[in-house]
Structures are given as structure tokens and as C-alpha cells.
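The chain contents come next:
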Amino acid sequence: MKLHANVPYTKTKRINNLVSDFLEHKSVLSPLLNEFPNQDGMDRILAQRQFPAESRKVLSEALELQYEGLELDTKVKQNLSNLNKPTTFTITTGHQLNLFSGPLYFIYKIASAIKTAHALSEKYPNHQFVPVYWMATEDHDFEEINHTYVAGQKVVWQRESNGPVGRLSIEGLDQCLAELFTKLSMAYYGNELREIFKRAEEHENLADYTRSFVNDLFGAYGLVIVDGDSQALKRLFLPIMLRELKESVTIRGMEKAEAILSQNNYKTQVHPRQINLFYIEDNLRERIVRDGNGGYSIVSGNHRWTWEELQNLAEENPECLSPNAAMRPLYQEVILPNLAYIGGGGELSYWLQLKPMFDAFGVQFPMVLLRNGAALADNVMSRKIKQLNLPAQWYFEDRHVLARHIASMHEEFSLNGLEEQLQGLYKNLEEKAAEIDQTLRQAVDARRQRAENELLKIEKKMVRAAKRKHSEQIQKANAVLDELFPNGGLQERKENFSRFYAEFGPSLIDDLVAEFEPYPVNFKLFFLGVK
């Protein structure tokens, strides 16, 4: 793999104003952050971070159970052991349990967490930094995770699901795997990848299946995988869940952040509710609401409780309660000795709504980092890009703008100079006419506007002619766009990693970790199979 180009995120036209201002460290966002993303900020967070020894013990025991029966790399074993030490901290990313990992950015998230943990380990040799993947096992929106795309073709896991997806049996996944490999051209590492997924089929539910293949992919880097659907871990979170049920702390805290964001014309991503917890069973996940009579129920009304009954349920079976999108980050920070959370632009936007809520619960807010983003060009596409020899930033433009850029490399069709001359001519004409009769100004101005419009029409015809003249080069550039930006979106948000892993194997991940930045500011274009 070779890094072909770095394009600053702020030049990609693929991030919103909030993320752009975050990357530029705009002071208006300071109240919504613990620190801006840089090494100095990380130094201060590390100095401040406290984590109870008893919580470390509970975390370690819970992870030991979750990893039971799984073959572990020595680095994973070491990191699991290190979590008992007061000098060990985590760098966390999270994602849904998408089919075969879903889009490429799943891989980028974890590689980013590994890169940041490695960078901190080099700077602080007396501390240990563990990259963590938080599995979103309690999500219940199966339609969001039941598909992936390979070489632009969709693979779908057809089945019913109503409860937490992590508890879902893997029935039918073997058929999806067979379909996946019909869409992959046979490549050197194809059998290795197939075996990774086949080993995962030894497990019964989607959480264990996902842990298995992610561990196979990233275990050599010491990645620790956490499933929050755990009675022991929920018990650590119990005091906060009880406060949320009784006092509705989350919505009040997030309203403060929303006020700051709206005052500065930023859009909000997450809309909190009066109670931000679900009740879950194997085949059920429903919001908990107040019933209007001083008690509680789920939305369907199929379960009802008095406060005392709900409190007893939570204390005896805390795993029956599940935080929603607003509270899940809080749960993560309570049970992990975490320094930073790494996410995409959408996640970053909603994390910036959370700090006042964290403050209200008395939980330290982590550093929020934007994950690394990238586009991968295989050998064929790399040759096309090199032959075109265009600035990488142009590929982020609209197709029509890109075509105009290409045409402008060869032809001079801008009439800006003539337009200025025309405006000067009519200005002189207007003054001459006004010396005779002031009312003639309007007539001269109308003719000036018509002349400028005609000049614009001529320029557009010249542009179209230049595009036709260089259509072959433009078509090649459009082919690159189709690969790097399928259907106008980023490759990383659609294409599954399997297509590239089957060809390049573990070196794909090795090279991503090597090339990624611990505090990303650039989107990267990589040439695969090139050193």
C-alpha cells in the first residue's frame, strides 16, 4: 500500500460545518468538549483520568467470561491483564454488528483506535493503552445491519428480529457467506478470509460471531472487544440508570448543549427523551416511559411497574435495562478507563451534545477524535489515477466541476478578462450618454446586461466544446469517481472490506495502521499493491 494523497477534511466537502469547526478548534465549541484533539489535550486528560480499582476488577472478570473459549493472541491476553493495572487506559471506538462488518469505515475505526493507542504507548512508556472495540449488541434495528456491499453488489441476511441484535442466533449466516464469496473474485487470501468467517460460525449468537472474526482480524494488535450486554457491567451503571428513571437527567443536560449548538447554527444529531433507557429481553427492546399515574411502562404497555417494582427489577436484573443512543456513551465511560472515543462525523456531532449531560451525572468526558477516512484504489484504478495525474482534491468535486477542471487544463475558455473590458466599455458609454441625458443611463445599463448575458452564453458553449474535445480524459476521471465515490457517496461508507482483504490479506490492516494519523486532519487516498 502506498499513500498517494492527503486531502484536508475541510477541503473534501464531505463534512458538515460542525465537524469542520471542530477540526479547526473553534472556541465556540469549547464548552462542549473536555479538550480539542491534539497531544497537549490528551496529556491533560491522562493526568485527570481516575478509574476505581473495583470497577477494573468487575470489567476484567466480565471480559474473561466474554472471551471464554476464544483463541487469543498473546497481545490480547496481555491487554486483558493490563486492564487490572491503575496505569492502563483505553482508546475506544464502537460500531453496530453489521453483516461481515458492514462498510469499510468499520475497519478504519478500529485501525484508528489502534494507531492512537500505539502513539500514546510510545509517548508514555510507563502506561499501557488498550484499543477497544465496543460492540453495539443491544441495538434492535436489524434493517440497519442486515446487509453489506461487495464490489457494489448487495448481500442481505433475510430473517426476522425484534430484540437486541447481539442475542440473535446466526441462523442463515452460512448462506450469506456463500453468497459473499460468489461476488468475490478468487484472490490469494480468499480462503484465509473464508476460514475467519467459518470459525465464527462455531458460535451461537451474533455478538459472539462478531467477536470471533474481529478478534481474528485485529487480535495481533491487542484489540479488546467489549459487549455491554452484561449483568456485571450494567451493575456498575445501575446508580446512573436509577437516577435517569427518577430524575430525567439526560434530557436536561443535553438541552444545554442544544442551546449552544442552535445559537451557532449547528444541527443536532440526537434528540433525547424524558427517559433514555429501554427494557430488553431476548426478543424485545422497547422504550421505558412514564405512564401518567406515577408509574412506568414500556411503549406497548405490555409491561408496567410502580417505581418500587422497577427499582427492584433494576437492582436484581440490571441487564434488563439498556441505554439508548444518548446514554450509551455515558455507559461506556462508566465501565471503561477510557481517554478518547473515536468516531465518524455523525458520531462526533452527537458526542458534542453530551458533555453537559456527563457533567450532570459527574462522569468525566473523554477526548473525541474523528476517525481516519480513506479511499482504496486497486492496481487497475491506481494506474488510471496516475495516468490522469489530477490533483486529488478534484475528485471530491461534482462531476460537472471536475469535467470543467479537466477541460481548463488544456483550453483557455474563461472570459473574465473580456467581461471586465466589457464592463469598462459600458461604464464609459454610460457616462458619455449621461452627459447628454441622465435618462439614457437606464438604457445603456439594460444593453450592458444583455451583452454580459451573451458573453456568458458564449463561454458556456466554449466550455461544452472543450469538454467534448477532452471527453476521453473526462470519462476516465468519471470511472475513478465511480470507484472512489459509488453513487456519489464515499467508498468507505458502502463497500465491504472483504474485496480488498481477499486480495491483499493482513497487510491491508497493517498498512492502514502504519499510515493512519493518531489525530486525523486528512482524508487519505491509497494505492493498493504498491510500496
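In this numbering scheme, every chain counts its residues from 1 along its sequence in written order. Only residues with pLDDT of 70 or above have their local features reported here, since the model is predicted, and side-chain atom pairs are shown and tallied only from 80 upward, although totals for entire chains, interfaces and linings are computed over all residues. The side-chain figures draw on all heavy atoms in the structure; neither hydrogens nor water molecules are used.

As for helix 13 (residues 328-335)
Working step 1: The buried label goes to any residue with under 20% of its type's maximum accessible area, the exposed label to any with over 50%, and the partly exposed label to all in between, with areas taken from a 1.4 Å probe on protein chains only. Working definition: helices are DSSP H or I runs of at least four residues, strands are E runs of at least two. Numbering for both runs from the N terminus. Counting buried positions along helix 13 gives 8 out of 8 residues, so the element sits mostly inside the fold.
Working step 2: Among the residues of helix 13, Arg328, Pro329, Leu330, Tyr331, Gln332, Glu333, Val334 and Ile335 are the ones counted as buried.

A short note on the sheet that holds strand 11 (residues 321-323)
Working step 1: Taken in spatial order, the 5 strands of this open sheet run 10-9-8-7-11, and their pairing is antiparallel. The sheet terminates laterally at strand 10 (304-305) and strand 11, the two strands that pair on one side only.
Working step 2: Two strands qualify as a pair provided DSSP detects at least 2 bridges between them. Relative to strand 11, strand 7 (residues 277-281) is paired through 3 bridges, and the arrangement is antiparallel. Residue pairing for strand 11: leucine 277 is matched across the bridge by proline 323.
Working step 3: Any two residues having at least one pair of non-hydrogen atoms within 4.5 Å are treated as being in contact. In this analysis, axes come from line fits to C-alpha atoms, helices being fitted only over the stretch in contact, and the angle between any two N-to-C directions falls in the range 0 to 180 degrees. On top of the sheet, helix 10 (residues 231-247) reaches strand 7, strand 8 (284-290), strand 9 (296-298) and strand 11; it is set at about 80° to strand 11, its chief contact.

Quick notes on the side chain of serine 248
Working step 1: Here serine 248 is to be found in the loop between helix 10 and helix 11 (249-263).
Working step 2: A polar atom in the side chain of serine 248 sits 2.6 Å from the backbone oxygen of glutamine 274.
Working step 3: Filtering out sequence-adjacent residues up to four positions away, serine 248 remains in contact with Arg243, Gln274, Ile275 and Arg290. Between N or O atoms, a polar contact is any pair within 3.5 Å; within protein, one atom must be a potential hydrogen donor and the other a potential acceptor, and residues adjacent in sequence are included only when both atoms are from side chains.

Focus on the environment of leucine 508
Working step 1: Here leucine 508 shows up in helix 22 (residues 507-515).
Working step 2: The class for leucine 508 is buried, based on a relative accessible area of 2%.
Working step 3: In this structure the C-alpha to C-alpha distance between leucine 508 and glycine 529, which are 21 residues apart in sequence, comes to 9.3 Å.
Working step 4: Contacts of leucine 508, omitting those with residues within four sequence positions, involve Met1, Leu376, Phe497, Phe500, Tyr501 and Leu528.

Some words on empty space enclosed by the protein
To locate leftover empty space, one rolls a probe as large as a water molecule over the atoms.
Working step 1: Throughout, the protein atoms alone are placed on a 1 Å grid, and a set of points is a cavity if a 1.4 Å probe fits but cannot get out or a pocket if it is open with protein on both sides within 12 Å along at least five of seven lines; lining residues have an atom within 4 Å of a point. Grid points are joined across faces, edges and corners, and a volume is the space filled by probe spheres set on the points. The full count for this structure, using the stated rule, is 1 cavity of 30 Å³ or more.
Working step 2: Within this model, the largest cavity holds a volume of roughly 60 Å³.
Working step 3: Residue lining of the largest cavity: Ala5, Val7, Ala375, Ala392, Tyr395, Phe396, Leu484, Phe485, Phe523 and Leu525, and that is the complete set.
Working step 4: Secondary-structure elements contributing two or more residues to the lining of the largest cavity are strand 1 (2-8) and strand 15 (522-527).
Working step 5: For this scheme, ten residues count as nonpolar: Ala, Val, Leu, Ile, Met, Phe, Trp, Tyr, Cys and Pro. Four count as charged, namely Asp, Glu, Lys and Arg, and the remainder, Gly too, count as polar. Partitioning the lining of the largest cavity into residue classes produces 10 nonpolar, no polar and no charged.

As for the packing of helix 5 (residues 105-123) against helix 22
Working step 1: The interhelical angle for the contact between helix 5 and helix 22, taken along N-to-C directions, is 50°, at an axis separation of 8 Å. With respect to each other, helix 5 and helix 22 are oriented oblique. The two elements helix 5 and helix 22 cross, and the hand of that crossing is right-handed. Contacts between helix 5 and helix 22 involve Ile107, Tyr108, Ala111, Ile114, Lys115 and His118 from the former and Ile509, Leu512, Val513 and Ala514 from the latter.
Working step 2: Counted by class, the contact of helix 5 with helix 22 contains 8 nonpolar, 1 polar and 1 charged residues. The cut-offs work like this: below 35 degrees is roughly parallel, past 145 is roughly antiparallel, 65 to 115 is roughly perpendicular, and the gaps in between are oblique. Here a crossing is called left-handed whenever its near helix is offset anticlockwise from the far helix by less than a right angle, and right-handed whenever the offset is clockwise.

A few points about helix 8 (residues 190-200)
Working step 1: Of the positions making up helix 8, those classed as buried are Gly190, Leu193, Ile196, Phe197 and Ala200. Considered in projection along helix 8, the buried side chains sweep an arc of 125° and stay on one side of the axis. Read the arc as the range of directions from the helix axis to the C-beta atoms.

Remarks on a positive patch on the surface
Working step 1: Patch definition: residues above 30% relative accessible area lacking any salt bridge, with like charges linked at up to 9 Å and the nonpolar side chains Val, Leu, Ile, Met, Phe, Trp and Tyr linked at up to 5 Å. All accessible areas in this document rest on Shrake-Rupley with a 1.4 Å probe, and a residue is counted as covered only by the protein chains that are shown. Salt bridge, as used here: a side-chain nitrogen of Lys or Arg that lies within 4 Å of a carboxyl oxygen of Asp or Glu. Residues counted as positive are Lys and Arg, residues counted as negative are Asp and Glu, and His and the chain ends are not counted. A charge is said to be at NZ when it belongs to Lys, at CZ for Arg, at CG for Asp and at CD for Glu. Among the surface-exposed residues, Lys460, Lys461, Arg464 and Arg468 lie close enough to one another that they form a single positively charged patch.
Working step 2: Along the chain, the position of lysine 461 falls in helix 19 (residues 440-469).
Working step 3: Relative accessible area serves as the criterion here: at 54%, lysine 461 is assigned to the exposed category.

Brief notes about the environment of leucine 80
Working step 1: Its location among the elements puts leucine 80 in helix 4 (residues 74-82).
Working step 2: On the basis of relative accessible area, leucine 80 is assigned to the buried category, the value being 17%.
Working step 3: For the pair leucine 80 and tyrosine 501, spaced 421 residues apart in sequence, the C-alpha to C-alpha distance is 27 Å.
Working step 4: With sequence-adjacent residues up to four places away left out, leucine 80 is seen in contact with Ser60, Leu63, Tyr67, Leu72 and Val224.

What to know about the sheet that holds strand 15
Working step 1: In space, the 3 strands of this open sheet follow the order 1-15-14, with mixed pairing throughout. Of all the strands in the sheet, just strand 1 and strand 14 (373-377) have a single pairing partner and so form its edges. On average, adjacent strands in this sheet sit at an angle of 20° to one another, irrespective of strand direction.
Working step 2: The pairing of strand 1 with strand 15 spans 6 bridges and is antiparallel. Each residue of the ladder has a partner; that of leucine 3, found in strand 15, is phenylalanine 526.

A few points about the pattern of salt bridges
Working step 1: In total, this model carries 24 salt bridges according to the counting rule given.
Working step 2: Residue aspartate 21 is joined to lysine 26 by a salt bridge in which the shortest nitrogen-to-oxygen separation is 3.3 Å.
Working step 3: Look at aspartate 21 and you get buried, because its relative accessible area is 15%.
Working step 4: Salt-bridge contacts for glutamate 492 lead to arginine 371; the nearest nitrogen and oxygen are separated by 2.7 Å. Of this pair, glutamate 492 sits in the loop between helix 20 (471-484) and helix 21 (498-504) while arginine 371 sits in the loop between strand 13 (367-370) and strand 14, and the two are 121 residues apart along the sequence.
Working step 5: Residues participating in the shared-partner salt-bridge network are Asp378, Glu483, Glu495 and Arg499.

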